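The lines below spell out each chain.
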Amino acid sequence: MATAKCLRSSVTYRPRFHLCIPLRAFPTSQHRHASSKHPQGFEPPTTSDLFELRERVQEFTRREITPEVASETDKSNSFPSEMWAKLGSAGFLGMTADEDVGGLAMGYQAHCIVMEEISRASGSIGLSYAAHSQLCVNQLQLNGTPGQKTKFLPNLIAGTQVGALAMSESGAGSDVVSMRTTAKEADGGYVLNGTKMWITNGPEADVIVVYAKTEPEKGSKGISAFIVEKHFKGFNCARKLDKMGMRGSNTGELVFDGVFVPKENMLGEVNRGVKVLMEGLDLERLVLSAGPLGIMQAALDVALPFTHQRTQFGSPVAHNQLVQGKLADMYTKLQASRSYTYETARKVDEGGDIRTQDCAGAIMYAAERATECALDCVQLLGGMGYVEEMPASRLVRDAKLYEIGAGTTEVRKIVIGRAFNKEFSSYAP
Ligand SMILES: Cc1cc2nc3c(=O)[nH]c(=O)nc-3n(C[C@H](O)[C@H](O)[C@H](O)COP(=O)(O)OP(=O)(O)OC[C@H]3O[C@@H](n4cnc5c(N)ncnc54)[C@H](O)[C@@H]3O)c2cc1C
């Protein structure tokens, strides 16, 4: 299917796992580099690779995530389960993963593009997409043993299994390392006890990356990461949460009641879970920052045609300077946020340079701007902005999540401040 489409194009393509990706005909030596955050032999995509990818994702969302699908996902508050296989056969679930387990090995700029375009079509499908493809798949890609990757990644990338990541607890959100879930060593593995809160995809997840304290008395140095499988005895989702926004991205409270996890399901080294967690958080924030970009674009997609069509006082409302001012603000906020996200992702892809302050900064900036843009969209639509027939109110409800999930705005400021403290430590008297 994909091959036929490729052959019609003027560019040379190689079909990789059902997604047409342009063959990079002339990789230069400056493209070759080693980064521990990319698959072996990774070559950063060219501008035209990324352009083509964006077109492919737009084709997909036009066909599969129509405005009706987005609205119904929000209204029913349930994820369209058939979407996982569709995302899988399009190749989007393994953007950063090794090709031999079904991934596209295209890097973080590409992952941001897919995340932005899916979120433009539906914020909540975008959030679930990121929890699966970034929080779960990419954590396994970065920290899994060859055996773990072979066992879990093919099904997750094909979309026949759903992934999640569980670190937050009702008493440990911003201060996540104060988690109380424990993992006690037992014969041939560990026994997990505790509960995890607000876990995206938790209600349907087959594979969950779970953080727990292997040596609670060691604090942050006693945390380990585990791969928990849905069928493990003692594991269940206690409830699905009823949220203000991101409805349809299923969020759950997970219970681990004496769950035996075999040793081969430990992710990374024992007591090195914080390293896995913190390194993962940088890339998670980077890829998630494309979610608010998509929501801002969606706000413009609604507000621009509406304000040019809606006539009051004898002319389109968009011909008033106050309205033009709002549209101009929305547009420049989106473009500034977009530049920040993609420049940060480009540095990761081209130099392996992960700057904590920029990963946190990109999502902090985009998230706040997305809430502002979505509110402006409501205002520009007047009464129609306030009714659920139009998507504007959904955009506000969805955008707000990005100021809270993956670390709140306040915590992101702390993260940026601490990165500066580290960089300028030699200046301290
Ligand atoms: C829809 C949704 C999906 C989520 N998905 C996941 C997931 O998949 N996996 C997962 O592990 N977690 C997930 N989370 C959890 C999320 O990461 C936490 O909710 C978030 O980190 C905030 O923690 P908290 O809710 O405990 O807030 P708290 O930590 O209780 O914070 C409450 C308020 O106090 C502020 N605050 C706290 N400490 C400080 C400080 N030192 N200085 C200044 N202000 C401070 C916060 O910024 C916030 O405004 C999700 C949450 C939501 C809502």
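Every value quoted in this text rests on a predicted model; they were computed, and no experiment measured them.

Draft legend 1. Fine view of helix α5 (residues 108–121). Here α5 is 14 residues long and its end C-alpha atoms lie 20 Å apart, about the 20 Å a rise of 1.5 Å per residue gives. Of all 14 residues in α5, 14 are buried; the element is thus mostly enclosed.

Draft legend 2. Structural context of the site of the ligand. Surveying the vicinity of the ligand reveals 21 residues, the closest of which are Ser168, Gly173, Ser174, Thr408 and Glu410. Of all the elements in the fold, those that place two or more residues in the shell around the ligand are β3 (163–166), β5 (189–200) and α13 (409–423). When residues of the shell around the ligand are assigned to their parent elements, the largest contribution, 3 residues, is made by β5. By residue class, the composition of the shell around the ligand is 11 nonpolar, 8 polar and 2 charged. When we break the shell around the ligand down by domain, the ones giving at least three residues each are domain 2 (166–275) and domain 3 (281–427).

Draft legend 3. Geometry of the domain arrangement of the protein chain. Parsing the protein chain into structural domains produces domain 1 (2–162), domain 2 (166–275) and domain 3 (281–427). The partner domain 3 presents 25 residues to the 27 residues of domain 1 that form the contact. Looking at which element gives the most residues to the side of domain 1 that touches domain 3, the answer is α5, with 10 residues. For the side of domain 1 that touches domain 3, the class distribution of residues is 10 nonpolar, 12 polar and 5 charged.

Draft legend 4. Focus on the packing of helix α6 (residues 123–143) against helix α7 (residues 146–158). Interhelical geometry of α6 versus α7 gives an angle of 155 degrees and a closest axis separation of 10 Å. Relative to α7, the element α6 lies roughly antiparallel. When you trace α6 past α7, the crossing you get is left-handed. Within the contact between the two elements, α6 uses Cys136, Val137, Leu140 and Gln141 and α7 uses Gln148, Lys149, Phe152, Leu153, Leu156 and Ile157. Classifying every residue of the contact of α6 with α7 by side-chain character gives 7 nonpolar, 2 polar and 1 charged.

Draft legend 5. The UniProt feature "domain: Acyl-CoA oxidase/dehydrogenase middle" (unreviewed entry) in the protein chain, seen in detail. Listed under "domain: Acyl-CoA oxidase/dehydrogenase middle" (unreviewed entry) in the UniProt record, and renumbered for this structure, are residues 164–259. For residues 164–259, the helix share is 0%, the strand share is 51%, and the end-to-end C-alpha distance is 17 Å.

Draft legend 6. Main features of the nonpolar core. Within the largest apolar cluster, 119 residues are counted, with the highest numbers of intra-cluster contacts made by Cys136, Phe226, Ala299, Ala374 and Cys377. Top element by residues in this core is helix α11 (residues 356–380). It accounts for 14 residues. With residues up to four places along the chain from it excluded, the contact list for Cys136 reads Ala131, Leu156, Gly163, Ala164, Leu165, Val207 and Val209.

Draft legend 7. Region of interest: the pairing of strand β7 (residues 223–229). For β7, the buried fraction is high: 6 of the 7 residues fall into the buried class. Sheet analysis places strand β6 (residues 207–213) next to β7, joined by 7 bridges and oriented antiparallel. Residue pairing for β7: Lys213 is matched across the bridge by Ile223. The pairing of β7 with strand β10 (residues 266–267) spans 2 bridges and is classified as antiparallel. Opposite Ala225, over in β10, you have Leu267 as the bridge partner.

Draft legend 8. Layout of the environment of Ala121. On the secondary structure map, Ala121 appears in helix α5. Classification of Ala121 by C-beta neighbours within 10 Å gives buried; the count is 23. Residues Ala121 and Glu388 lie 267 residues apart in sequence; the distance between their C-alpha atoms is 16 Å. Setting aside chain neighbours within four positions, we find Ala121 in contact with Thr61, Ile65 and Ala70.

Draft legend 9. How the structure looks around the confidence of the model for the protein chain. For the protein chain, per-residue confidence averages 92 on the pLDDT scale, and residues scoring 70 or more make up 92% of the total. The low-confidence segment residues 1–34, where pLDDT is below 50, has 50 contacts with residues more than four positions distant or belonging to other chains.

Draft legend 10. Just the environment of Gln139, in detail. If you trace the backbone, Gln139 turns up in helix α6. Taking the number of C-beta atoms within 10 Å as the measure of exposure, Gln139 has 23 and is therefore buried. A C-alpha to C-alpha distance of 9.4 Å links Gln139 and Glu284, two positions 145 residues apart in sequence.

Draft legend 11. Inspection of unusual backbone geometry at higher detail. Of note, the phi angle at Ala105 is positive, near 50 degrees, even though the residue is not glycine. Tracing the backbone through its elements, the reader meets Ala105 in the loop between α4 (82–90) and α5. Owing to 23 C-beta atoms within 10 Å, Ala105 belongs among the buried residues under this scheme.

Draft legend 12. Fine view of helix α8 (residues 273–288). Given a rise of 1.5 Å per residue, 16 residues ought to cover 22 Å, and the 21 Å separating the end C-alpha atoms of α8 matches this to within 8%. Of the positions making up α8, those classed as buried are Gly273, Val276, Leu277, Gly280, Leu281, Leu283, Glu284, Arg285, Leu286, Val287 and Leu288.

About the cut-offs
- Residues numbered from 1 in each chain as written.
- Predicted model: local features only at pLDDT ≥ 70, side-chain atom pairs only at ≥ 80, totals over all residues.
- Helix = DSSP H or I, 4+ residues; strand = E, 2+ residues; numbered from the N terminus.
- Expected span 1.5 Å × (residues − 1).
- Buried ≥ 20, exposed ≤ 12 C-beta atoms within 10 Å, placed from the backbone.
- Near = placed C-beta within 6 Å.
- Nonpolar A, V, L, I, M, F, W, Y, C, P; charged D, E, K, R; others polar.
- Domains from an automatic or database assignment.
- Contact = placed C-beta atoms within 7 Å.
- Axes fitted to C-alpha atoms, helices over the stretch in contact; angles between N-to-C directions.
- Parallel < 35°, antiparallel > 145°, perpendicular 65-115°, else oblique.
- Left-handed = near helix turned anticlockwise from the far one by under 90°.
- UniProt positions renumbered as here; feature names shortened; annotations may be inferred.
- Core = buried A, V, L, I, M, F, W, Y, C linked by C-beta atoms within 7 Å.
- Pairing = 2+ DSSP bridges.
- pLDDT = per-residue confidence, 0-100.

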